[in-house]
Amino acid sequence: MADAKKLAEQLKKLNELRGPVPQALRDQVAAQNKAQKAILDALKGGPKTAPELAAAAGLPADKALWYLVGLRKYGKIADVAGRGDYPKYELKAGEAK
Amino acid sequence: MSYTERIEADALVVGSGIAGLQAALDLADQGYSVAIVEKAPSIGGKMISLSKVFPTLDCASCITTPRMASVSHHPRIRTLTYSTVDAIKREGGTFTAAVTRKPRYIDEKECISCKRCEEVCPVYLPDEYEQGLGAKKTISIPFTNAIPQLPVMHPEHCIRCGACARTCPKDCIEFLQEPAPVEIKAKAVILATGYETTPMTAKKQYGLGELPNVISPMAAERLLAPHGPYGRVLRPSDGKVPGSIAYVQCAGSRDKSIGVPYCSRVCCMYAIKQAILLSGSLPVADITIYYMDIRAFGKGYEQFYNNARAMGINFVKAKVARVTEDADHNPVVRIERQEGTSAPEEVKHDLVVLAQGLVPGCDVSKFGLGAGLNDFGFVQLSDETVSSAVTAGAGVFAAGVVKGPRDIPDSVMDAGSAAMEAASYIRKL
Amino acid sequence: MDEKITEASSKDNYRQEPKVGVYICHCGGNISDIIDVKAVAAALAKYPGVAVAREYAFMCSSNGQDLIAEDIKNLGINRTVVAACSPSLHELTFRNVLQRAGVNPYLHEHINIREQASWVHKADHAGATAKAIKLAQAGVEKVKRKDPLNAIRVAAEPRVAVIGGGVAGMRAALSAAGKGLEAVIIEKAPRLGGKLLELGKMYPSGEEGTAIAGKLEALVRAESKISVHTGVDIDFVGGFVGNFKINFKNSDGTSSQVKAGAIIMATGYQHYKPAQGEFGYGESANVVTLPEFISLMKNSPAGRLEYSGKEIKSLALIHCVGSRQVEGIHKPQADGKINDYCSRVCCSSALYAANQVKDRYPGVRIYDVYRDIRTYGMQHETYYDKASKDGVLFMRHNEADQPVIVSDRTGHTVKVKDVLTWGEELEVKADLIVLVTGMMPSDISLIKSQMKMPTGADRFLQEVHLKLRPVELANSGVFIAGTAQYPMDVPEAMAAAGTAAAKAAILLAEPDIPLEPFVAVVDEHKCTGCGLCPAECSYDGALMMAEKNGKKVAVVNPALCKGCGACVAVCPVRAINVAGWTLDQFDAMVEAIAKE
């Protein structure tokens, strides 16, 4: 684990070298966090498909799917087994709260 | 130039796809020392990202990972990944390559590949390994089977929150890391820089890459791969299981309008293979291949094609004039049949794969090695009826797709001859 | 504490109590989609003698291999079972892991739960899982009873014998000699060059076949490490890796023998010979094959394309004669099989020839009757383009609608149900019919039967694995170069031949060659000298009766024994075992599988 002081120095140096973190990047990450939270909130009500989650989170379906892929890869949500044109996703145990 | 490291080897292999790996192994197994330089963060090239490979339907990982492991464990092979060859100079019988190791922003010696940095990083990015369909983090290990298992940080996407550094058990995050110049001296060079696919944006009639459900064959490979982005076959626009999938053949080959008049050799076969795999994972789906000529010319290929037809895959002799989409992003393919009826038709599918062709992965003329190129940027051999590897540059040999499109069996079969030519050249120095 | 374990285990791990590590591979989803790999690992973890059982996405990957190496180091694992794909793919991979970690590599057992469980029981997940558990348990029982083995080393002749002196054979010999190996070319024809000597101008270089062959021959003649025997007749090929013998009769009637550590089969191809009456071949005049046509063009005067003294004003090329044959449509060959493969080079050759006709005799009308045009090579598409531009008329048919040739005194009529005009029945007149014939492998039945070389359904020599070992035959030490394996053009044959030479050079890089130790071992105390076993042995000299310590016993020559086990089966007193595959091990495996 990094020494807090050393890390702070490194990050400060980084800010000096490259300038502050661009606002566009900050906005992008904020939008990402908001979208992911909206998806996870919507899933608290039970398993849903990508278009359903897109509607609930106010996102285009392809964007919602991409967020689902990320949340799935990093263990926040899981596939629901079953048939049908649109597969459903659910919260992974332990991620419900 | 002050180099951080100097490496001496008998041969320098540029590129670590299947041809580069095989050429390196075939040299090292004869007792020669080899240095490999690979621009990607992992060795394995294009092949490691494929699902299964024709005509045997082995999983691509099953064939590639052992080669990758052999190279990484080989006592006579040194591999530099995430590194670029900036220049190669030849003096007498010695090549001197200036190589830059790009910063991963971690201490490569200390990292234990625990992935904790990746887990805590809050920024998600499109994953190019998954052809943009999947997500990764700003700091992440490229993929499950990557060698080496080291994360790469993308500083342009980093919000400098410091979470990775705080969680790393080995304290090996280095935000201030710089590129490291390395010098490699070698007696021979093997170019194995492979290919890229023709760009999705190449053809206006096929949607310029802007239609979400018109995808590249590499994306289709990822959809079919065991650890693909969705874990199953879905279409990118809305996560629907596609019920109808079409392949547009020669979407980036045999086409003078995009500067690729040649046949790319692999597209018929990868389309047939993907169609077979798709019909395995989606048994009720309709799969159509629109084609001009099916070129199943290799060993076992015609039989593979016949099997696909017997499985019910629909082969339609037709030219595809245009691909558009309807309001629900369903691709609409306008075809002119070459068989049956001549009237143009519009056919709606759920997902369309454009069979893109192959173009050179690297402009090797920038190395100034004297290896001539043909009109399309592939390496031209001195006399291909005498040797399949000797270029016009003394001590410079070529392996695999750098000489022109070829499939995996042909590339593997080709790599050994490049190793052999390099070996006899070195021996006679 | 840890250090002590490591130290003790690295010293003499196999004499200790077996500590088995079991590793279940997902093989991506190939296994784990069907088999509950976690359940298999859990069941094996509880099995007697198993110290650890793990599952992982790809055991063969570097990570997977490291997992095993770490367990050997940290847990003192001294035997391993990997339950994964077929041992032909990756048994060696895992033996190497053991070797690197300091454990005898033969204390490993590779269990195939992909082909033998997940792939064959796709619909029965529970059954496949149960079977995988049983198979893995049997593997544990076997590996517990294994003894460390060492590779048998045999001295190798530092020489490569190349059978066939066509372009592939010459290239292979040159590449081997370039590396410093002695190479011997053995060619049945009176001169080097093979099929190229019969052909005229060839793609891609436009040189005459004789010129291409001549360039290679000049290099061969200049290479002191290559010796050449032409005009010879091979009567025997035998021996084993490192020590092959090839006997042949020279053209002067004398006999010679070549001893070699490796053999490269560059025996080439023969042109498909159309059946009597196939498209009128052998019956009507003016029906020739493409190779015949190419030589005919070579001899034709400028300005006038001639055949049998008559001017040819029109000709039709019929593609896929003897290739891409279809069951029920085409007559089988003498062996009862059809040629269902594509001969790869004929489309480009045919169009290249058509272009030459158009260049030299612009007035000649050419019809090209095809199913698919397969001009796949870098420049080949330009042959197709040029032919189209120069007015070659293409007619395309489906496999079910083969073209028909009707011949009379006025010439030939070609009838084609043409796809390009949406199924119109076209009829064209042609003075000459050129059958674009494919390739078949040369007749090498004598060598194949003496060496028991494998061939595929297409009769070409069969490599071990198209991607992993593309130029190796299952016969250790025998490699394939060029069209003996499959149709290829000259540049492709160059690549294949260079790679075959590379594999031979790797094999012969050391003065001796390691052989698998899986050979018959006789327990001399048990052997009663009954003499039943030598009669069963199919490998000359591998097993003989001899006097030892005043007792007649069976004696094995480990360099010749292939470990087939035929002798084991007939021994009435269980005195013979194949090392690594003993009867006790089999008994234990059967018991593990049969146990409730």
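Numbering of residues starts from 1 in each chain and follows the order in which that chain's sequence is written. Going through the entries in the order they are written, you letter the chains from A and number the ligands from 1. pLDDT decides what is reported in this predicted model: residues at 70 or higher carry local features, side-chain atom pairs at 80 or more are listed and counted, and totals for whole chains, interfaces and linings draw on all residues regardless. Side-chain measures were taken over the full set of non-hydrogen atoms in the model, leaving aside hydrogen atoms and water.

Asker: Explanation requested: the overall build of chain A in the structure shown.
Answerer: Put simply, DSSP H or I for four residues or longer makes a helix, DSSP E for two residues or longer makes a strand, and each gets a number counted from the N terminus. Looking only at helices and strands, chain A features four helices and three strands. Starting at the N terminus and walking to the C terminus, you meet the elements of chain A as α-α-β-α-α-β-β. Atoms counted for the radius of gyration: C-alpha only. Globule rule: 2.2 Å times residue count to the power 0.38. Computed over its C-alpha atoms, the radius of gyration of chain A comes to 18 Å, more than 25% above the 13 Å expected for a compact globule of 97 residues. Judged by the C-alpha coordinates and their principal axes, chain A covers about 55 × 30 × 20 Å. Surface accessibility of chain A: about 5700 Å² in total, with carbon and sulfur atoms responsible for 55%. Charge separation in chain A, taken as the distance between the mean sites of 18 positive and 11 negative side-chain charges, equals 3 Å. Each accessible area value is a Shrake-Rupley result obtained with a 1.4 Å probe; residue values ignore everything except the protein chains displayed when judging cover. Charged residues are defined here as Lys and Arg on the positive side and Asp and Glu on the negative side; His and the ends of the chain fall outside this count. Think of each charge as sitting on NZ of Lys, CZ of Arg, CG of Asp or CD of Glu.

Asker: Mind showing me how you'd approach unusual backbone geometry here?
Answerer: Most peptide bonds are trans, and most residues other than glycine sit at a negative phi. Cis geometry marks the peptide bond from Phe54 of chain B to Pro55 of chain B; its omega dihedral reads -10°. Looking at the element boundaries, Pro55 of chain B is found in the loop between β3 (52–53) and β4 (58–59). Omega for the bond connecting Tyr203 of chain C with Pro204 of chain C falls within 30 degrees of zero, at 0°, which places this linkage in the cis form. Assignment of secondary structure puts Pro204 of chain C in the loop between β7 (182–186) and α8 (209–222).

Asker: Can you walk me through the interface of chain C and chain B in this structure?
Answerer: Quoted interface sizes are often the accessible area lost when the parts come together. Each partner contributes residues to the interface: chain C has 84 residues there, and chain B has 80 residues. Together chain C and chain B conceal approximately 6400 Å² of surface at their shared face, both sides included; 55% is due to carbon and sulfur atoms. Among the residues chain C hides against chain B, the three largest losses belong to Met378, Trp422 and Lys467 of chain C. Together they make up 13% of the total. The salt bridge criterion pairs a side-chain nitrogen of Lys or Arg with a carboxyl oxygen of Asp or Glu, the two atoms within 4 Å. A salt bridge links Asp410 of chain B to Arg344 of chain C; its shortest N-O distance comes to 2.9 Å. Polar contact is the term for a pair of N or O atoms within 3.5 Å; when the atoms are in protein, one must be able to donate a hydrogen and the other to accept it, and sequence-neighboring residues count only if both atoms are side-chain atoms. Scanning the region where chain C abuts chain B turns up 44 residue pairs in polar contact (both at pLDDT 80 or more). Those elements giving two or more residues to the side of chain C that touches chain B turn out to be α3 (62–75), α4 (87–100), α7 (167–178), α8, α11 (380–389) and α13 (490–507) of chain C. If you tally residues by element for the side of chain C that touches chain B, the top one is α13 of chain C, at 13 residues. Pairs of residues are marked as contacts when any of their non-hydrogen atoms sit within 4.5 Å. Here the quantity called buried area is the total loss of accessible area, with a 1.4 Å probe, experienced by two parts when brought into contact, counted for both.

Asker: How should I be thinking about the pattern of salt bridges in this particular structure?
Answerer: Overall, the coordinates contain 73 salt bridges over all chains when judged by the stated rule. One salt bridge connects Asp293 of chain B with Arg396 of chain C, and the closest N-O pair in it is separated by 3.8 Å. Of this pair, Asp293 of chain B sits in the loop between β16 (286–291) and α7 (301–310) while Arg396 of chain C sits in strand β19 (residues 393–396), each in a different chain. The exposure class assigned to Arg396 of chain C is buried, which follows from its relative accessible area of 1%. Glu306 of chain C is paired through a salt bridge with Arg304 of chain C; the nearest N and O atoms lie 2.7 Å apart. Type-normalised accessible area, obtained with a 1.4 Å probe on protein chains alone, sets the label of each residue: buried when under 20%, exposed when over 50%, and partly exposed for intermediate values.

Asker: Explain the interface of chain B and chain A to me, please; I cannot follow it from the model alone.
Answerer: Taken together, the 46 residues of chain B in the interface contact 40 residues of chain A. Of the roughly 3400 Å² buried at the junction of chain B and chain A (both faces included), carbon and sulfur atoms supply 56%. At the junction of chain B and chain A, the tally comes to three salt bridges. Between Arg232 of chain B and Asp79 of chain A there is a salt bridge, with its nearest N and O atoms 3.8 Å apart. At the junction of chain B with chain A, the criterion picks out 13 residue pairs in polar contact (both at pLDDT 80 or more). Broken down by secondary-structure element, the contributors of at least two residues to the side of chain B that touches chain A are β8 (124–127), β9 (134–137) and α4 (163–167) of chain B.

Asker: Is there a simple way to think about the layout of surface pockets in this case?
Answerer: Using a probe with the size of a water molecule, rolled over the atoms, empty space left in the structure can be pinpointed. Within this model, the second largest pocket holds a volume of roughly 2000 Å³. If you trace the second largest pocket, you find 49 residues lining it, with Gly231, Arg232, Gly280 and Ser281 of chain B together with Asp33 of chain C closest to the centre. Those elements that place two or more of their residues in the lining of the second largest pocket are β2 (77–80) of chain A, α5 (217–224) and α6 (267–281) of chain B together with α2 (37–45) of chain C. Per element, the largest residue contribution to the lining of the second largest pocket is four residues, and it comes from α6 of chain B. We place a 1 Å grid over just the protein atoms. Points where a 1.4 Å probe fits but has no way out form a cavity, open points with protein on both sides within 12 Å along at least 5 of 7 lines form a pocket, and any residue with an atom within 4 Å of a point lines it. Grid points are joined across faces, edges and corners, and a volume is the space filled by probe spheres set on the points.

Asker: Any chance you could explain the state of the cysteines here in plain terms?
Answerer: Here a disulfide denotes a covalent bond joining the sulfur atom of one cysteine to the sulfur atom of another. Cysteine sulfur atoms are paired as a disulfide whenever they fall within 2.5 Å. Under the criterion given, the structure shown has one disulfide over all chains. Disulfide partner of Cys59 of chain B: Cys62 of chain B, at an S-S distance of 2.1 Å. Across the S-S bond linking Cys59 of chain B and Cys62 of chain B, the dihedral sits near 65°, which makes this disulfide right-handed. What makes Cys59 of chain B buried here is its relative accessible area of 4%. Owing to a relative accessible area of 2%, Cys62 of chain B belongs among the buried residues under this scheme. Considering cysteine sulfurs only, Cys342 of chain C is the nearest to Cys346 of chain C, which forms no disulfide, with 6.2 Å between them. Not engaged in a disulfide, the cysteine Cys571 of chain C finds its nearest cysteine sulfur in Cys530 of chain C; these two sulfurs lie 6.2 Å apart. With relative accessibility at 16%, the residue Cys571 of chain C sits in the buried group.

Asker: Sorry if this is basic, but what is going on with the side chain of Arg222 of chain B here?
Answerer: Residue and element names in this part refer to chain B. Checked against the element boundaries, Arg222 lands in helix α5. A polar contact is formed between the side chain of Arg222 and the backbone oxygen of Ser49, at a distance of 2.9 Å. Beyond its immediate stretch of four places on either side in the chain, Arg222 contacts Ser49, Tyr129, Glu130, Gln131, His227, Gly228 and Pro229.

Asker: Is there a simple way to explain the domain arrangement of chain B in this structure?
Answerer: Residues and elements named next belong to chain B. For the purposes of this description, domain bounds are those given by an automatic or database domain assignment. As far as domains go, chain B holds domain 1 (5–102 + 179–194 + 361–428), domain 2 (116–167) and domain 3 (199–358). Centre-to-centre separation of domain 1 and domain 3, based on C-alpha positions: 31 Å. Contacts between domain 1 and domain 3 engage 17 residues on the former and 23 residues on the latter. Taking both sides of the interface into account, the surface hidden between domain 1 and domain 3 amounts to around 1600 Å²; carbon and sulfur atoms contribute 72%. Considering only the side of domain 1, the residues that lose the most area to domain 3 are Ser51, Phe54 and Pro405, jointly responsible for 35% of the buried surface there. A salt bridge links Asp410 to Arg265, with the shortest nitrogen-to-oxygen separation between them at 2.9 Å.

Asker: Can you help me understand the nonpolar core in this one?
Answerer: If you look at soluble globular proteins, the nonpolar side chains tend to sit buried side by side. Among buried residues, those of type Ala, Val, Leu, Ile, Met, Phe, Trp, Tyr and Cys that are joined through side-chain atoms within 4.5 Å constitute a nonpolar core. Of all hydrophobic cores here, the largest spans 129 residues; its most connected members are Ile263, Met265, Phe293, Leu305 and Leu315 of chain C. Of all the elements, α13 of chain C adds the most residues to this core, at ten residues. Excluding its chain neighbours within four sequence positions, the residues that come into contact with Phe293 of chain C are Val288, Leu305, Leu315, Val357, Leu432 and Val434 of chain C. Core analysis: the second largest hydrophobic core is formed by 128 residues, Ile63, Ala135, Leu277 and Val401 of chain B among them.

Asker: Looking at this model, I keep getting lost on the sheet that holds strand β17 (residues 314–325) of chain B. Mind explaining?
Answerer: The strands making up a sheet are joined through hydrogen bonds of the backbone, oriented either antiparallel or parallel. Residues and elements named next belong to chain B. What makes two strands pair is DSSP finding at least two bridges between them. Here seven strands make up an open sheet; going across it, the order is β14-β20-β15-β16-β17-β18-β19 and the pairing mixed. Each having just a single partner strand, β14 (214–215) and β19 (345–348) make up the two edges of the open sheet. Axes, fitted as lines to C-alpha atoms, cover a helix only where it is in contact. Angles between the N-to-C directions of the axes lie from 0 to 180 degrees. Where α6 meets the sheet, it contacts β15 (244–248), β16, β17 and β20 (351–354), and its direction lies at approximately 170° from that of β16.

Asker: Quick question: what am I supposed to make of the packing of aromatic side chains here?
Answerer: What characterises a pair of aromatic rings is the spacing of the ring centres plus the angle enclosed by the ring planes. Aromatic rings from Phe, Tyr and Trp, taking only the six-membered ring of Trp, are treated as a pair when their centres fall within 6.5 Å; an angle between ring planes under 30 degrees marks them as stacked, one over 60 as edge-to-face, and anything in between as tilted. In total, this model carries 22 aromatic pairs over all chains according to the counting rule given. Consider the rings of Tyr203 of chain C and Tyr383 of chain C, whose centres lie 5.9 Å apart with planes at 55°: the pair is tilted. Of this pair, Tyr203 of chain C sits in the loop between β7 and α8 while Tyr383 of chain C sits in helix α11, placing them 180 residues apart in sequence. Assigned by exposure class, Tyr203 of chain C and Tyr383 of chain C land together as buried. Among the aromatic residues, ring-to-ring pairing joins Phe54, Phe297 and Tyr301 of chain B together with Tyr376 of chain C into one connected group. A cation over an aromatic ring shows up here: Lys137 of chain B above the ring of Tyr124 of chain B, its NZ or CZ 5.0 Å from the ring centre. We count a charge as sitting over a ring when the NZ of a lysine or the CZ of an arginine lies within 6 Å of the ring centre and within 35 degrees of the ring normal.

Asker: I'm lost on the packing of helix α8 (residues 408–428) of chain B against α13 of chain C in this one. Help?
Answerer: Helix-helix packing is characterised by the crossing angle of the two axes and by the distance between the axes. Where α8 of chain B contacts α13 of chain C, the two axes come as close as 7 Å, and the packing angle between them is 65°. Pair α8 of chain B / α13 of chain C crosses with left-handed handedness. Contacts from Val412, Met413, Asp414, Ala415, Gly416, Ser417 and Met420 of chain B of α8 of chain B reach α13 of chain C at Met494, Ala495, Ala496, Gly498, Thr499, Ala501, Ala502 and Ala505 of chain C. In this count, Pro and Cys sit with the nonpolar residues alongside Ala, Val, Leu, Ile, Met, Phe, Trp and Tyr, while Asp, Glu, Lys and Arg are called charged and the others, Gly among them, polar. Looking at the contact of α8 of chain B with α13 of chain C residue by residue, the classes come out as ten nonpolar, four polar and one charged. By the definition used in this description, the sense in which the near helix is turned from the far one sets the handedness, with an anticlockwise turn below a right angle giving left-handed and a clockwise turn giving right-handed.

Asker: What am I meant to see in the sheet that holds strand β11 (residues 255–260) of chain C here?
Answerer: Residues and elements named next belong to chain C. Pairing in this open sheet of three strands is antiparallel, and the strands run β9-β10-β11 from one edge to the other. Lying at the two open borders of the sheet, with one neighbouring strand each, are β9 (233–240) and β11. Geometrically, the sheet is characterised by an average inter-axis angle of 15° between neighbouring strands, direction not taken into account. Pairing analysis gives six bridges linking strand β10 (residues 243–249) to β11, with the strands arranged antiparallel. Within β11, the position partnered with Phe248 by the bridge is Ser256.

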